[in-house]
Every structure is written in C-alpha cells, then in structure tokens.
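Breakdown of the fold
Each chain is listed here by its residues.
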Amino acid sequence: MTFRKYLVLVGITVFSTAGDSLLARGMKEAGGVSLHHISGLLLAVLNPWVATGILFLLTFFACYMSALSWADLTYVLPATSLAYVLVALVGHFRLHEVISPTRWLGITLIAAGVGFVAGGPSLTPTHDHTNSAEPSRDAVSHGLES
Amino acid sequence: MNDLHAWAAIGLIILASTTGDVLLSYSMKRVGDVEELWKRRGLLAVLGRVLTTPTFPLGLMAMGVAFYSLLFGLSWGNLSLVVPASASLTFVANAVAARIFLHERVGRRRWIAALLVAAGVVLMAL
C-alpha cells in the first residue's frame with residue numbers, strides 16, 4: 001500500500017458522499033418520481049444538482065475500479081461504507097433531515113463495524129489460488145494488445 | 001406507502017449492486033494493477049484493457065440498475081435512511097458473495113464487522 005493508494009481510498013469516500021448528497025438535493029427539487037412517470041426519472045438527469053452529482057459519482061467509480069484492481073473487494077468495501085456515515089451527517093447538517101437517537105446509534109454501529117475491518121489485514125493470502133489461474137488466462141486473452 | 005416503495009428500492013439496490021460489485025471486482029482482478037499498467041503503457045491501454053474484459057460491461061449494467069433504483073429510493077425516502085440501509089446491507093451481501101464467488105478469505109473480524117453493520121442498519125430503520 002503506497003500513499004497514492006490510500007489517497008484513492010479517501011477519494012472513494014469523499015466523492016461518493018458528495019455525489020449522493022448532490023443527487024438527493026436534486027431529486028428533492030425534481031419532486032417524487034413514480035413508476036407511472038418513468039420520463040420524470042430520465043428528465044431528472046437534466047437537473048444541475050443531479051448532473052453534478054453524477055459527475056462526482058463517475059469520479060468515485062474511477063477511484064473504486066482502480067482500488068479493486070489492487071485490493072480485495074472485502075478490503076475496499078469498508079472504505080466505501082465510511083461514506084454512508086458521512087452521507088447521513090451531510091443529510092443532517094446540510095439538508096436538515098432529522099436523525100433520531102436510534103439512528104445515531106445505528107450510525108455509530110456501522111462506523112464501528114467499518115473500523116473493525118479497517119484494523120484487520122488488508123490483503124488476504126487466499127488470493128493465491130485464484131490469482132495463479134487468472135494471470136495466465138489474462139496473458140492469453142490480452143496478448144494481442146500491443 | 002412511501003416507506004414500502006423505499007424498501008422495495010433498497011432490496012433492488014442490494015441485489016443489483018452485489019451482482020455488480022462481484023462482476024467488477026472479478027474484472028479488475030483480471031485487468032491487474034491499473035497503476036502499474038498506466039505507468040508502463042499509458043491511460044489508453046488501461047481503458048482498452050478494462051473495456052475489453054467481458055465481465056466489465058455486465059457489472060456496469062448491474063450497477064446501472066442499482067443506480068436508478070437509488071434515484072427512485074432517494075425521491076421517496078430520506079437520504080439518511082435509503083443510502084445507509086441499502087449500502088450497508090450490500091456490504092454484508094458482498095462479504096458473502098466475495099467469499100463464495102471471488103474466493104476471498106472473510107475472517108472472523110470481517111464477519112463480526114458485518115454483524116455490527118447489519119445491527120446498525122436495523123437501528124436506522126426503526
């Protein structure tokens with residue numbers, strides 16, 4: 001794990017939080033979308049908040065794919081989970097959504113769970129039996145690329 | 001009624017994004033370390049290799065379904081319910097799926113964490 005790789009994990013947390021919050025703000029402006037008006041859902045993409053949110057989520061996606069290329073899914077996921085606690089806090093402080101004491105406790109438990117995983121080993125040695133098969137197939141399927 | 005809609009959306013998000021995460025993780029493991037590849041061959045080679053991995057577009061499609069389910073959910077429910085609930089349950093479902101389909105070792109530490117997160121989700125739904 002290099003410093004740059006930790007930055008990628010931070011990017012996952014920050015960009016998904018910002019993206020989700022912008023989406024929520026945009027969707028509140030666009031109003032409730034129902035199954036009978038699918039076009040409303042497609043048009044919601046034109047809302048500037050929703051559009052900016054999507055841009056942020058695309059950046060998140062690039063960071064996420066990068067992380068998945070050098071780390072386990074079960075290692076990268078805690079980094080993304082941290083974003084959901086941040087989202088709730090942003091929802092509370094910026095969008096003024098009410099968070100009850102039980103929800104606060106829920107947020108605390110989720111954060112504790114994330115911390116528990118983050119404190120453990122980052123890479124699992126079990127990779128060996130999958131990885132030993134993958135690169136050879138990989139080399140064959142992408143061998144034509146120059 | 002809005003709650004029922006929100007939870008239906010949450011269920012769909014969990015199913016779609018777990019499928020997507022497993023497919024995308026599998027794809028990126030086949031591509032290999034993108035940082036190394038970028039340094040050696042440049043950004044175009046990275047994009048080319050990612051886009052030509054067959055499971056990548058499948059994962060992307062599953063993520064697309066999850067994304068639109070999220071838009072539905074956000075228009076019906078609170079941000080602080082829909083996002084943490086769906087994402088955290090997805091975290092648990094992904095731990096199971098990663099163990100079964102990706103053969104990742106999910107140790108005791110990660111299972112306890114999954115239970116903590118699941119308990120947190122139940123509390124948030126009350």
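Presented here is a report on the structure given in the accompanying data block. (Residues numbered from 1 in each chain as written. Chains lettered and ligands numbered in written order. Predicted model: local features only at pLDDT ≥ 70, side-chain atom pairs only at ≥ 80, totals over all residues.)

**Let's talk about the overall build of chain A**
Secondary structure summary: chain A contains seven helices and zero strands in total. Going from the N terminus to the C terminus, chain A shows its helices and strands as α-α-α-α-α-α-α. Evaluated residue by residue, chain A yields a buried proportion of 40% over its 146 residues. Considering only intrachain contacts with a sequence separation of at least 6, the fraction spanning at least 24 residues in chain A is 75%. (Helix = DSSP H or I, 4+ residues; strand = E, 2+ residues; numbered from the N terminus. Buried ≥ 20, exposed ≤ 12 C-beta atoms within 10 Å, placed from the backbone. Contact = placed C-beta atoms within 7 Å.)

**Some points on the interface of chain B and chain A**
Size of an interface, as often reported, equals the accessible area lost when the parts are brought together. The interface of chain B with chain A comprises 48 residues on the first partner and 46 residues on the second. Contributions of two or more residues to the side of chain B that touches chain A are made by α1 (2–31), α2 (34–41), α3 (43–51), α4 (55–76), α5 (79–101) and α6 (108–125) of chain B. A total of eleven residues in the side of chain B that touches chain A trace back to one element, the largest contributor, which is α6(B). Here the residues of the side of chain B that touches chain A sort into 27 nonpolar, eleven polar and ten charged. (Nonpolar A, V, L, I, M, F, W, Y, C, P; charged D, E, K, R; others polar.)

**Description of the packing of α2(B) against α3(B)**
Residue and element names in this part refer to chain B. Two numbers describe how α2 lies on α3: the axes approach to 7 Å, and their chain directions differ by 130 degrees. The orientation of α2 with respect to α3, classified from their angle, is oblique. When α2 is examined against α3, the residues Val-34, Leu-37, Trp-38 and Arg-41 are found in contact with a partner set consisting of Leu-43, Ala-45, Val-46 and Arg-49. Looking at the contact of α2 with α3, its residues break down into six nonpolar, no polar and two charged. (Axes fitted to C-alpha atoms, helices over the stretch in contact; angles between N-to-C directions. Parallel < 35°, antiparallel > 145°, perpendicular 65-115°, else oblique.)

**Some words on the environment of A:Leu105**
Position of A:Leu105 relative to the elements: it lies in helix α5 (residues 101–118). Here the alpha-carbon distance between A:Leu105 and A:Leu77, two residues 28 residues apart in the chain, equals 21 Å.

**A short note on the nonpolar core**
Residues A:Ile12, A:Ala67, A:Leu68, B:Leu74, B:Val82, B:Phe91 and B:Val117 are the most contacted members of the largest nonpolar core, which totals 74 residues. Every element with two or more residues in this core is listed here: α1 (3–30), α3 (48–70), α4 (73–93) and α5 of chain A together with α1, α4, α5 and α6 of chain B. For this core, the element with the highest residue contribution is α1(B), accounting for twelve residues. Ignoring sequence-local partners within four residues, the contact set of B:Leu74 consists of A:Leu23, A:Ala24, A:Met27, B:Leu79 and B:Val82. (Core = buried A, V, L, I, M, F, W, Y, C linked by C-beta atoms within 7 Å.)

Any link to function would need more than the numbers given here.
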